[in-house]
Amino acid sequence: MRRVVFNQKGGVGKSSIASNLAAISAHRGLKTLLIDLDPQCNSTQYLLGRDFQTGETDIGVFFAQALSFRHRHKKNLDDFVTPSQFENLHVIAANPELGEIMSQLESKHKIFKLRDALAKLNGYDAIYIDTPPAFNFYTLSALIAADSCLIPFDCDEFSRQALYNLIENVEETRQDHNEDLEVEGIVVNQFQPRASLPTRIVDELKEEGLPILDTYISSSVKMRESHDTGLPLIHMAPKHKLTEEFVALFELLHPGFAVAVTEKADKATV
């Protein structure tokens, strides 16, 4: 399954959601890859460390080699994978200079490059794609390459208005480029259950028929602490309420897998 986490509004938790779901996936025993397409490199720094040096192994180099026919020995996508410190979790790092080559990639119609490369990539049980806060070349590349789209939503009116436009963009991409793409759900993030505004907005979106997922992610300083330590929540605070919410979200997205893991664990204790 290839999931893209996308919202063209910044600050809604794309990187946190993509990275923590990927970390839980790997922790559950799935060989997992996170691809960071955001020039801000948040997921890259979160999972590989602030001092990680991309060198010749980031997604920017992968796209850059598509601009020249002079490269006789072009690297495959798996040549750009970096193992993280966490078992089963691998990353294709972002590069702050991604924006500099975007117009060239667009003019040379390289929009299907990521999809074609992922089709040749074997050995991963789950792939998460983190995207920039814009509907641009990299986001469109991710949507074309993905099976499903998760949309983070942070419960304010500005985010609500942006949400309608976002869903239209995803639907247009599905119709024009990727008929198998589906909106897997809207992830309510930074939720404050005691505040009336978030609850009202979420209830209204449900009434409109939007696919709000049943598991909400709370607002918590624990997420900032997780970013600061460079440890996903499942490794830093496995018993914390916020971690349990992410685990519940993972299990909501993988209902059969959650049951299978429980049954396997029960058999191992017999």
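Nothing here was measured: the structure is a model prediction, and the numbers come from that model. (Residues numbered from 1 in each chain as written. Predicted model: local features only at pLDDT ≥ 70, side-chain atom pairs only at ≥ 80, totals over all residues. Heavy atoms only, no water.)

A. Representation of a negative patch on the surface within the structure. A grouping of Asp147, Glu179, Asp180 and Glu182 is seen on the molecular surface, where their side chains present a negatively charged patch. Given a relative accessible area of 66%, Glu179 falls into the exposed group. (Patch = residues over 30% accessible without salt bridge, like charges linked within 9 Å, V, L, I, M, F, W, Y side chains within 5 Å. Areas by Shrake-Rupley, 256 points an atom, 1.4 Å probe, with all protein chains shown as cover. Salt bridge = Lys/Arg side-chain N within 4 Å of Asp/Glu carboxyl O. Lys, Arg positive; Asp, Glu negative; His and termini not counted. Charge placed at Lys NZ, Arg CZ, Asp CG, Glu CD. Buried < 20%, exposed > 50% of the residue type's maximum accessible area, 1.4 Å probe, protein only.)

B. Representation of the sheet that holds strand β7 (residues 182–188) within the structure. The sheet built from seven strands is open, its strands ordered β3-β4-β2-β5-β1-β6-β7 with mixed pairing. One side of each edge strand has no neighbouring strand; the edge strands of this open sheet are β3 (82–83) and β7. One ladder, built from three bridges, connects strand β1 (residues 2–5) with strand β6 (residues 148–153); its direction is parallel. The residue of β6 that forms the bridge with Val5 is Leu150. (Pairing = 2+ DSSP bridges. Helix = DSSP H or I, 4+ residues; strand = E, 2+ residues; numbered from the N terminus.)

C. Looking closely at the layout of surface pockets. Taken as a whole, the largest pocket spans an internal volume of roughly 640 Å³. As for the largest pocket, its lining consists of 31 residues, and the residues nearest its centre are Gly13, Ser15, Ser16, Met223 and His227. Per element, the largest residue contribution to the lining of the largest pocket is six residues, and it comes from helix α9 (residues 221–229). Residues of the lining of the largest pocket, tallied by class, amount to eight nonpolar, 18 polar and five charged. (1 Å grid on protein atoms, 1.4 Å probe; cavity = no way out; pocket = protein on both sides within 12 Å on 5 of 7 lines; lining within 4 Å. Points joined across faces, edges and corners; volume = space filled by probe spheres on them. Nonpolar A, V, L, I, M, F, W, Y, C, P; charged D, E, K, R; others polar.)

D. Layout of unusual backbone geometry. Of note in this structure, His109 is not a glycine but carries a positive phi near 55°. Look at His109 and you get exposed, because its relative accessible area is 66%.

E. Looking closely at the nonpolar core. Counting residues in hydrophobic clusters, the biggest one holds 52 residues, and the most contacted among them are Ile35, Leu37, Ile59, Phe63, Leu77 and Leu118. Per element, the largest residue contribution to this core is seven residues, and it comes from helix α6 (residues 137–145). Residues Ile24, Ala26, Leu48 and Phe86 belong to the second largest nonpolar core, which totals 32 residues. (Core = buried A, V, L, I, M, F, W, Y, C linked by side-chain atoms within 4.5 Å.)

F. Highlighting the environment of Ala93. Examined against the element boundaries, Ala93 turns out to sit in the loop between β4 (89–92) and α4 (98–107). With 59 residues separating them in the primary sequence, Ala93 and Leu34 have C-alpha atoms 8.4 Å apart. Those residues in contact with Ala93 that lie beyond four places of it in its chain are Asp36, Thr44, Leu48, Phe52, Thr54, Asp58 and Ile59. (Contact = heavy atoms within 4.5 Å.)

G. Region of interest: the environment of Pro132. Turning to its location among the elements, Pro132 is positioned in the loop between β5 (126–130) and α6. Sequence-distant contacts of Pro132, that is, excluding residues within four places in its chain, are made with Phe6, Asn7, Lys14, Leu37, Asp38, Pro39, Tyr138 and Thr139.

H. The packing of helix α1 (residues 14–27) against helix α11 (residues 241–253), seen in detail. Relative to each other, α1 and α11 sit at 75°, their axes nearing to 10 Å. Here α1 lies roughly perpendicular to α11, going by the angle between them. For the pair formed by α1 and α11, the contact residues are Ser16, Ile17, Asn20, Leu21, Ile24 and Ser25 on the first element and Phe246, Val247, Leu249, Phe250 and Leu253 on the second. Residues of the contact of α1 with α11, tallied by class, amount to eight nonpolar, three polar and no charged. (Axes fitted to C-alpha atoms, helices over the stretch in contact; angles between N-to-C directions. Parallel < 35°, antiparallel > 145°, perpendicular 65-115°, else oblique.)

I. Broad picture of the packing of aromatic side chains. Going through the model one piece at a time under the given rule, you end up with seven aromatic pairs. Between Phe6 and Phe135, the aromatic rings sit 6.2 Å apart at their centres with planes inclined by 40°, giving tilted as the arrangement. Placement of the pair is Phe6 in the loop between β1 and α1 and Phe135 in the loop between β5 and α6, with a sequence separation of 129 residues. Overall, Phe6 belongs to the buried group, its relative accessible area being 0%. Centroid distance Phe137 to Tyr138: 5.3 Å. Interplanar angle 85°. Geometry classified as edge-to-face. Residue Tyr138 is classed as buried on the basis of its relative accessible area of 1%. (Phe/Tyr/Trp six-rings, centres within 6.5 Å; stacked < 30°, edge-to-face > 60°.)

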